[in-house]
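# Notes for the structure review
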Amino acid sequence: MDARTNKALSDAQLSPTARKFLEETTMKSIFGISDEALDAVMALAYQLYQVGRYAEAEVLCRGLIAADHRYWWSYSLYAATLRRLGKLPEALAEIEKGLAYEPNEPKLLFMRREIRAALANQERAPVVSTTSTSPNPRVAA
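These notes cover the structure that comes with them.

### Structural notes on the environment of Leu85
Examined against the element boundaries, Leu85 turns out to sit in the loop between α6 (72-84) and α7 (88-101). For Leu85, a relative accessible area of 34% corresponds to the partly exposed category. Taking the C-alpha atoms as reference points, Leu85 and Tyr54, separated by 31 residues in sequence, lie 7.0 Å from one another. Excluding residues that lie within four positions of it along the chain, Leu85 makes contacts with Tyr54 and Glu58.

### Things to note about the nonpolar core
Counting 28 residues, the largest nonpolar core has Tyr49, Leu77, Ile95 and Ile115 as the members making the most contacts within it. Broken down by element, this core gets its largest block of residues, seven residues, from α6. When sequence neighbours within four positions are dropped, the list of residues in contact with Tyr49 reads Tyr54, Ala57, Leu77, Ala80, Thr81 and Arg84.

### Remarks on the packing of α6 against α7
Between α6 and α7, the shortest axis-to-axis distance is 8 Å and the interhelical angle comes to 170°. Judged by the angle between their axes, α6 and α7 are roughly antiparallel. Touching Trp72, Tyr75, Tyr78, Ala79, Leu82 and Arg83 of α6 are Leu88, Glu90, Ala91, Glu94, Ile95, Lys97, Gly98 and Tyr101, all from α7.

### Some words on the environment of Leu92
Within the element layout of this structure, Leu92 appears in helix α7. With 23 residues separating them in the primary sequence, Leu92 and Ile115 have C-alpha atoms 6.3 Å apart. Sequence-distant contacts of Leu92, that is, excluding residues within four places in its chain, are made with Arg112, Ile115, Arg116 and Leu119.

### Focus on helix α8 (residues 106-124)
In this model α8 runs 27 Å from its N-terminal to its C-terminal C-alpha over 19 residues, within 8% of the 27 Å that 1.5 Å per residue would give. The complete set of buried residues in α8 reads Leu108, Met111, Ile115, Ala118 and Leu119. Considered in projection along α8, the buried side chains sweep an arc of 100° and stay on one side of the axis. Exposed residues pointing more than 90 degrees away from the buried face of α8 are listed as Pro106, Arg113 and Arg124. For α8, the secondary structure elements touched by its buried residues are α6 and α7.

Reading the values: rules and limits
- Residues numbered from 1 in each chain as written.
- Predicted model: local features only at pLDDT ≥ 70, side-chain atom pairs only at ≥ 80, totals over all residues.
- Heavy atoms only, no water.
- Helix = DSSP H or I, 4+ residues; strand = E, 2+ residues; numbered from the N terminus.
- Buried < 20%, exposed > 50% of the residue type's maximum accessible area, 1.4 Å probe, protein only.
- Contact = heavy atoms within 4.5 Å.
- Core = buried A, V, L, I, M, F, W, Y, C linked by side-chain atoms within 4.5 Å.
- Axes fitted to C-alpha atoms, helices over the stretch in contact; angles between N-to-C directions.
- Parallel < 35°, antiparallel > 145°, perpendicular 65-115°, else oblique.
- Expected span 1.5 Å × (residues − 1).
- Arc of directions from axis to C-beta.

From the geometry alone we can't say anything about function, so treat these as descriptive.
Next up, the structure:
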């Protein structure tokens, strides 16, 4: 069994009360993390994103989502970061998670359209081989 199967089984075994608790409770509320602290981390993640330090921005975004899984902006920045890292399917999945909490958020809706279009273009693009089977070096160049 893979992680998705285990998650599906564990979700099915949750009572409605337990599911509601998990949905409504955040690490932010459990540990009393202030909005100001999360805003500071978000600002740092955005600065890292702006200067192209995507791997570091990705880590901070995952932490922000873990701290408060209901805040759409974390999903937006995480998806933008994943997109820059070339992880379009993962970026789209994060957008969908954000839309679960803010279904009418214009930025998320716009990003979803952009990422879907990029995925469609990627599927249509022909695969170009970078290797040559020709023994003639001029043909390979």
